[in-house]
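# Chains, contacts and geometry: an overview
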Amino acid sequence: MKTRTLGNSKLEVSALGLGCMGMSDFYAGRDEAESIRTIHRALELGVTLLDTADVYGLGENEELLGRALKGRRDGVVLATKFGAVVGEDGSISVSGRPEYVKAACEASLKRLGVDHIDLYYQHRVDQDTPIEETVGAMAELVKEGKIRYIGLSEASSDLIRRGHAVYPITALQTEYSLWDRDVEDSILPTCRELGIGFVPYSPLGRGFLTGQIQRYEDLEPDDFRRTSPRFQGDNFQKNLDLVVKIKELAVEKNCKPSQLALAWLLAQSDNIVPIPGTKRTVYLEENLGALDVELTNADLAQIDAIAPQGIVFGSRY
């Protein structure tokens, strides 16, 4: 397994991680046995970075990882997140209050069944709590040995700088893929300047870049992508046209569209560690095949021409 170090930290992880969200939430179908097999297979193949959050399945995803990692904790870089607060009516708010940060960490440790979290992210920035207070509380957790490294998710360049001034930020997690390149304007340059690792989530465009989704009707009734503007109406077909071009280039490179998309991300910087999510071993192994795809400068230029920034139709949410 190829490895990468996140930013200026000493946190070395597999070049591709595993996003575990879909095992418990947002996508149709739940199969704990298959999910655990996928996690175990990932570990066998050298994947060390596993990503979850306390809000995924309202804690069920963390509990799932806890069961899967029982007796297998050594060598795993376990990442989870806090900050999304679900109300009794299902509404979601955001909290970065210091007392909440500490309570959320204790709850995650219990669900995961571990004594420390390797990489702890603020899932979304709380606009009502200064980032300095939130990161300050996270820094206290580091001193207490409950977390090892601090991360932010979906934070602006200004907030990244402010948080980093309080305590070194190891990683920023934000959506980034061939159909969402907005981070290239200021977020990625800020991370490079400050020595912060970048962890792209949804690196396969929520599955669209795999080429597996051909019709809106292919999505199960309870699949959250049915509510995404990019999967609706005329946007669906226009975005599908982009995928067709990616598939054609993948054929030339003798690889899958998903592998091409991940290889492109990996080629953007040694500081980037994508976390494609899957709950099936077949797709896990397919994704890891991206590590063997070599893209030339001509390939990268061709991909840029096919999928320039802003090419996607529809907003993310």
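See the structure shown above.
Residues numbered from 1 in each chain as written. Predicted model: local features only at pLDDT ≥ 70, side-chain atom pairs only at ≥ 80, totals over all residues. Heavy atoms only, no water.

Per the counting criterion, the structure on display carries 3 aromatic pairs. Aromatic side chains Y176 and F198 sit 5.8 Å apart centroid to centroid with 85° between the ring planes, which places their arrangement in the edge-to-face category. Note that Y176 is positioned in the loop between β10 (171-175) and α6 (187-194) and F198 in strand β11 (residues 197-201), a separation of 22 residues in sequence. Y176 gets classed as buried once you look at its relative accessible area, which sits at 1%. A residue is classified by how much of its surface remains accessible, and F198, at 1% relative accessible area, is buried. Within the aromatic cluster, the residues linked to one another by ring pairs are Y176, F198 and W264. (Phe/Tyr/Trp six-rings, centres within 6.5 Å; stacked < 30°, edge-to-face > 60°. Helix = DSSP H or I, 4+ residues; strand = E, 2+ residues; numbered from the N terminus. Buried < 20%, exposed > 50% of the residue type's maximum accessible area, 1.4 Å probe, protein only.)

Where helix α2 (residues 60-68) meets helix α3 (residues 98-112), the closest approach of the two axes is 7 Å, and the angle between their N-to-C directions is 45°. When the axes of α2 and α3 are compared, the pair comes out oblique. Contacts between α2 and α3 involve E62, E63, L65 and G66 from the first element and S108, R111 and L112 from the second. Classifying every residue of the contact of α2 with α3 by side-chain character gives 2 nonpolar, 2 polar and 3 charged. (Axes fitted to C-alpha atoms, helices over the stretch in contact; angles between N-to-C directions. Parallel < 35°, antiparallel > 145°, perpendicular 65-115°, else oblique. Contact = heavy atoms within 4.5 Å. Nonpolar A, V, L, I, M, F, W, Y, C, P; charged D, E, K, R; others polar.)

To continue, consider the environment of A33. Structurally, A33 is set in helix α1 (residues 32-44). The class for A33 is partly exposed, based on a relative accessible area of 42%.

This part covers the pattern of salt bridges. A side chain with one charge may pair with a side chain of the opposite charge, provided their charged atoms come close. One pass over the full model with this rule turns up 19 salt bridges. Here R4 makes a salt bridge to D270, at a shortest N to O gap of 3.9 Å. Within this pair, whereas R4 is found in strand β1 (residues 3-5), its partner D270 is found in the loop between α8 (257-268) and α9 (281-288), the two being separated by 266 residues in sequence. Overall, the relative accessible area of 15% leaves R4 in the buried class. Here E193 ties to R161 by a salt bridge, and the two come within 2.7 Å at their closest N and O atoms. (Salt bridge = Lys/Arg side-chain N within 4 Å of Asp/Glu carboxyl O.)

Right, let's talk about the sheet that holds strand β3 (residues 18-19) for a bit. As summarised here, the arrangement of the 7 strands in space is β3-β4-β5-β8-β9-β10-β11, forming an open sheet in which the pairing is parallel. Looking at strand neighbours, the two that pair on one side only are β3 and β11, the edges of this open sheet. Across 3 bridges, strand β9 (residues 147-153) lies against β10 in parallel orientation. Across the sheet, L152 pairs through a bridge with L172, a residue of β10. (Pairing = 2+ DSSP bridges.)

What follows is about the environment of A137. Along the chain, the position of A137 falls in helix α4 (residues 131-143). Its relative accessible area of 4% is what places A137 among the buried residues. When the C-alpha atoms of A137 and K102 are compared, they prove to be 7.1 Å apart, with 35 residues separating the residues in sequence. If sequence neighbours within four positions are ignored, A137 has contacts with P98, V101 and K102.

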